[in-house]
Amino acid sequence: MNKFEEKTIHTEKIYEGRIIDVEVDDVTLPNGETSKRELVRHPGAVALIALTNEDKIVMVEQYRKALGKSIIEIPAGKLEEGESPKITAARELEEETGYRAQSLDYVVSYYTSPGFADEIIYIYKAEGLEVVSEDHLQMDEDEFVELKEVSINEALRLIEEERIHDAKTIHAIYYLMYQSLKGE
């Protein structure tokens, strides 16, 4: 047993939703005391650093209710049960952008908010893009997005303006900058 591990004594399911579940765990702490942990359960997600042949980053602008504003993000989506992250990445790229990639390479994965959520996001780099659908994107029925293609410099300006304001997209932009510094 890890010296920091907390043992779950009891779990109470508070909410089961389409995207997340919420539960409260009673835990025994390493010092023998007990405490409560409020946890968000999420199946995981993918995000795509999709680059056009002109080295533009494919992004989507959409309204985020939790923030009360629209932001510009790299394409992303939730893992479906039994679906591998790479398959989800290919599906989400096509659904959200109308592009298909000739190469889809794993970059990194990370936990988005490990203090209270188990959501993990897998980031893939998509290159060799070809248009599959220009007219009709296959988005979810409650999803409204506008496609954007921006350069690294434009993306940096959008970060300063807080129009790009989420971790996965900022991470993707900094990843691309790091790769260009390394000469890759």
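Preceding block: the structure.
Note that the structure is a prediction, hence the values are computed from the model and not measured.

Engineer: Explain the side chain of Thr88 to me, please; I cannot follow it from the model alone.
Structural biologist: Tracing the backbone shows Thr88 in helix H1 (residues 85-97). The contact partners of Thr88, leaving out residues within four places of it in the chain, are Val46, Gly77, Lys78, Leu79, Glu80 and Glu83.

Engineer: Quick question: what am I supposed to make of unusual backbone geometry here?
Structural biologist: It is generally the case that most residues other than glycine have a negative phi and that most peptide bonds are trans. Positive phi, normally seen in glycine, also occurs at Asp55, with a value near 60°. With respect to the helices and strands, Asp55 occurs in the loop between strand S4 (45-51) and strand S5 (57-64).

Engineer: Is there a simple way to think about the nonpolar core in this case?
Structural biologist: Where a protein is soluble and globular, its nonpolar side chains tend to be buried together. In this structure, Ile57, Met59, Ala155, Ile164 and Ile173 are the most contacted members of the largest nonpolar core, which totals 19 residues. Only S4, S5, strand S9 (120-131), helix H2 (152-160) and helix H3 (167-182) provide two or more residues apiece to this core. Other than its neighbours up to four places away in sequence, Ile57 contacts Ala50, Leu51, Ile74, Lys148, Glu149, Val150, Ser151, Ile152, Ala155, Ile173 and Leu176. Ala50, Ala89, Tyr99 and Leu129 belong to the second largest nonpolar core, which has twelve residues in total.

Engineer: In this structure, what is going on with the layout of surface pockets? I would like to understand it.
Structural biologist: By rolling a water-sized probe across the atoms, one finds the places where empty space is left. The space that makes up the largest pocket amounts to roughly 1,300 Å³. For the largest pocket, the lining is made up of 38 residues, of which Ile19, His42, Arg64, Glu73 and Glu119 are closest to its centre. Those elements giving two or more residues to the lining of the largest pocket turn out to be S5, strand S6 (69-73), strand S7 (76-78), H1 and H3. By residue number, the principal contributor to the lining of the largest pocket is H1, which donates four residues. Considering only residue class, the lining of the largest pocket consists of 16 nonpolar, six polar and 16 charged. Every residue lining the second largest pocket is listed: Leu51, Asp55, Ile57, Lys125, Ile152, Leu176, Gln179, Ser180 and Glu184. When residues of the lining of the second largest pocket are assigned to their parent elements, the largest contribution, three residues, is made by H3. For the lining of the second largest pocket, a count of residues per class yields four nonpolar, two polar and three charged.

Engineer: What is the right way to look at the environment of His10 in this model?
Structural biologist: On the secondary structure map, His10 appears in strand S1 (residues 7-16). Between the C-alpha atoms of His10 and Leu181, which are 171 residues apart in sequence, the distance is 50 Å.

Engineer: Is there a simple way to think about the packing of aromatic side chains in this case?
Structural biologist: Each aromatic ring pair is described using two quantities: the centre-to-centre distance and the angle formed by the ring planes. For the structure on display, the rule yields one aromatic pair. Centre to centre, the rings of Tyr106 and Tyr124 are 5.8 Å apart; their planes meet at 75°, and the pair counts as edge-to-face. Of this pair, Tyr106 sits in strand S8 (residues 99-111) while Tyr124 sits in strand S9; the two residues are 18 residues apart in sequence, bridging distant segments of the chain. Among the residues examined, Tyr124 registers a relative accessible area of 7% and is labelled buried.

Engineer: So what exactly am I meant to see when it comes to the sheet that holds S1 here?
Structural biologist: Spatially, the three strands line up as an open sheet ordered S1-S2-S3, and their pairing is antiparallel. In the strand order of this sheet, the two ends are held by S1 and strand S3 (34-41), each with one partner. Adjacent strand axes in the sheet meet at a mean angle of 20°, parallel and antiparallel pairs treated alike. Bridge analysis of S1 against strand S2 (residues 21-28) gives eight bridges, and the strand direction is antiparallel. Bridge assignment links Glu12 to a residue of S2, and that residue is Val24.

Basis of the calculations
- Residue positions are given per chain, counting from 1 as you read along its sequence in written order.
- Under the rules for a predicted model, residues below a pLDDT of 70 receive no local features and side-chain atom pairs below 80 are neither given nor counted, while totals for whole chains, interfaces and linings still include all residues.
- Excluded from the side-chain calculations are hydrogens and water; all other atoms, namely the structure's heavy atoms, are used.
- A run of DSSP states H or I qualifies as a helix once it reaches four residues; a run of E qualifies as a strand once it reaches two. Both are numbered from the N-terminal end.
- The contact criterion used is simple: two residues touch if any of their non-hydrogen atoms lie within 4.5 Å.
- Side-chain atoms within 4.5 Å are what join buried Ala, Val, Leu, Ile, Met, Phe, Trp, Tyr and Cys residues into a set we call a nonpolar core.
- Accessible area is worked out with a 1.4 Å probe on protein chains only. A residue is then buried under 20% of its type maximum, exposed over 50%, and partly exposed in between.
- Cavity means a closed set of points on a 1 Å grid over the protein atoms alone, one where a 1.4 Å probe fits but cannot get out, pocket means an open set with protein on both sides within 12 Å along at least 5 of 7 lines, and lining means a residue has an atom within 4 Å of a point.
- Grid points are joined across faces, edges and corners, and a volume is the space filled by probe spheres set on the points.
- Amino acid classes used here: Ala, Val, Leu, Ile, Met, Phe, Trp, Tyr, Cys and Pro are nonpolar; Asp, Glu, Lys and Arg are charged; the rest, including Gly, are polar.
- Paired rings are identified among Phe, Tyr and Trp, the last through its six-membered ring, by centres lying within 6.5 Å, and are further divided according to the angle between planes into stacked (under 30 degrees), edge-to-face (over 60) and tilted (the rest).
- Criterion used throughout: strands pair if DSSP finds at least two bridges between them.
- Angles run from 0 to 180 degrees between N-to-C directions of axes, and those axes are lines fitted to C-alpha atoms, restricted for helices to the stretch in contact.

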